[in-house]
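What the coordinates show
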Amino acid sequence: MLEISDLHRQFNGRPVLQALSMQLQPGEYVAITGESGVGKSTLLNLIAGLDRPDSGRLALDGADYAGLDENALTRLRRDKLGFVFQAFHILPHLTLRQNVVLPLWLKGQDGAAANRQAERLLDAVGLADRAESWPRELSGGEMQRVAIARALVHEPRLVLADEPTGNLDPTNAAKVLALLTESIRASGAMGILVTHSPEAAKSADRVLHLTSEGLVG
Ligand SMILES: Nc1ncnc2c1ncn2[C@@H]1O[C@H](COP(=O)(O)OP(=O)(O)OP(=O)(O)O)[C@@H](O)[C@H]1O
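All values reported here derive from a predicted model rather than from experimental measurement. (Residues numbered from 1 in each chain as written. Predicted model: local features only at pLDDT ≥ 70, side-chain atom pairs only at ≥ 80, totals over all residues.)

Quick word on helix α3 (residues 96–106)
For an α-helix the count is 3.6 residues per turn, leaving residues at separations of three or four pointing the same way. For the record, the criterion: Exposure in this text rests on C-beta crowding, where 20 or more other C-beta atoms within 10 Å of a residue's own make it buried, 12 or fewer make it exposed, and counts in between make it partly exposed. The C-beta atoms are placed from the backbone. Strands here are runs of E lasting at least two residues and helices are runs of H or I lasting at least four, both read from the DSSP assignment and numbered beginning at the N terminus. Contacts are defined on C-beta atoms placed from the backbone: any two residues whose C-beta positions lie within 7 Å are in contact.
Residues Leu96, Arg97, Asn99, Val100, Val101, Pro103 and Leu104 constitute the buried set of α3. Contacts from the buried residues of α3 go to α4 (112–124) and α5 (140–152). Taken from the residues just after α3, Gly108 is the one with a positive phi, measuring 90 degrees.

Written as structure tokens, this is what we have:
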């Protein structure tokens with residue numbers, strides 16, 4: 001379960017998030033929409049433990065972020081979170097299979113089972129036959145699909161997706177959204193999708209609008 005209560009974050013004296021609260025239950029997948037600059041990425045960064053709030057509580061499966069040092073937050077990201085961000089950080093010197101298997105390596109899982117899991121995810125995003133390709137050989141949309149396979153390969157507790165269908169044509173966008181939804185539901189994980197696209201938002205269980213007043217459902 002993800003618990004956020006009374007979260008505040010300001011930059012240079014300008015409040016961005018004020019008294020923001022929300023909860024996500026296992027298996028729940030929400031979309032967050034809102035005007036540019038309202039604080040969606042700020043919220044994702046706080047949930048990812050990449051930034052600290054000025055006040056308020058964040059807890060994932062009972063672990064309060066306030067009690068976690070930087071090393072513990074790094075472990076939380078590696079073990080429990082899956083990221084699909086706009087800058088998707090595919091490593092150029094690794095093949096697609098190696099890029100996708102990386103989160104498993106980082107958790108200490110390697111060998112045949114890890115490779116099979118990576119292949120299963122590449123297959124799910126329609127890139128099974130490209131496992132040995134290099135990132136430079138891919139289009140932008142193909143890279144995005146690799147990023148999604150990599151975000152899900154270690155079956156994270158919480159998937160954070162920021163405009164995951166931004167570069168994709170409608171067919172591939174639908175595939176990617178279906179994969180996100182299915183993976184989250186199948187593993188009882190939680191998902192947060194930040195998007196400007198009403199189509200993408202529809203794939204979630206509920207849509208929350210972030211405004212300067214907070215989250216409205
Ligand atoms: N590190 C920072 N330092 C100063 N200001 C920041 C910082 N991060 C975010 N902001 C400001 O906080 C506000 C919210 O930014 P954020 O990126 O969260 O918006 P967003 O809702 O994700 O926007 P978009 O839809 O355009 O991506 C913006 O005004 C931004 O300039």
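Digging into the nonpolar core
Using the following cut-off: Each nonpolar core consists of buried Ala, Val, Leu, Ile, Met, Phe, Trp, Tyr and Cys residues. Their C-beta atoms, within 7 Å, join them into a set.
The biggest cluster of nonpolar side chains holds 53 residues, and the ones touching the most others in it are Val100, Ile148, Ala149 and Val159. Among the elements that line this core, the one with the most residues is α5, at six residues. Those residues in contact with Ala149 that lie beyond four places of it in its chain are Val100, Leu121, Leu122, Ala124 and Val125.

Some details on the pairing of strand β8 (residues 190–194)
To be explicit about the condition: Criterion used throughout: strands pair if DSSP finds at least two bridges between them. Convention used here: a crossover is right-handed provided that the path from the first strand, over the helix, to the second strand proceeds clockwise when the strands point away from the viewer.
Extensive coverage of β8 is indicated by the burial of five of its five residues. Side-chain alternation along β8 places Met190, Ile192 and Val194 on one buried face and Gly191 and Leu193 on a second face that is also buried. Two strands pair when backbone bridges link them, and strand β3 (residues 29–33) and β8 are joined in this way by four bridges, in the parallel orientation. Residue pairing across strands places Val30 opposite Ile192, the latter belonging to β8. Following the chain from strand β7 (residues 158–162) across helix α6 (residues 170–186) to the adjacent parallel β8, one finds a crossover that is right-handed.

Re unusual backbone geometry
Here Ala19, not a glycine, exhibits a phi torsion of approximately 50 degrees, which is positive. In this structure, Ala19 sits in strand β2 (residues 14–24). In this structure, Glu155 takes a positive phi of about 50 degrees despite not being glycine. With respect to the helices and strands, Glu155 occurs in the loop between α5 and β7. Overall, Glu155 belongs to the partly exposed group, with 16 C-beta atoms counted inside 10 Å.

Some thoughts on the sheet that holds β3
Put simply, the rule is: Convention adopted: a line fitted to C-alpha atoms gives each axis, helices being fitted over their contacting stretch, and angles between N-to-C directions are expressed from 0 to 180 degrees.
Strand order in the open sheet made by the six strands is β6-β7-β8-β3-β9-β10, with mixed pairing throughout. Taken across any chain shown, the strands that pair with only one partner, and hence form the sheet edges, are β6 (81–84) and β10 (214–216). Between one strand axis and the next, the sheet turns through 20 degrees on average, direction left out of account. In the packing of helix α1 (residues 40–47) onto the sheet, the strands contacted are β3, β7, β8 and β9 (206–211), and the crossing angle to β7 comes to about 155 degrees.

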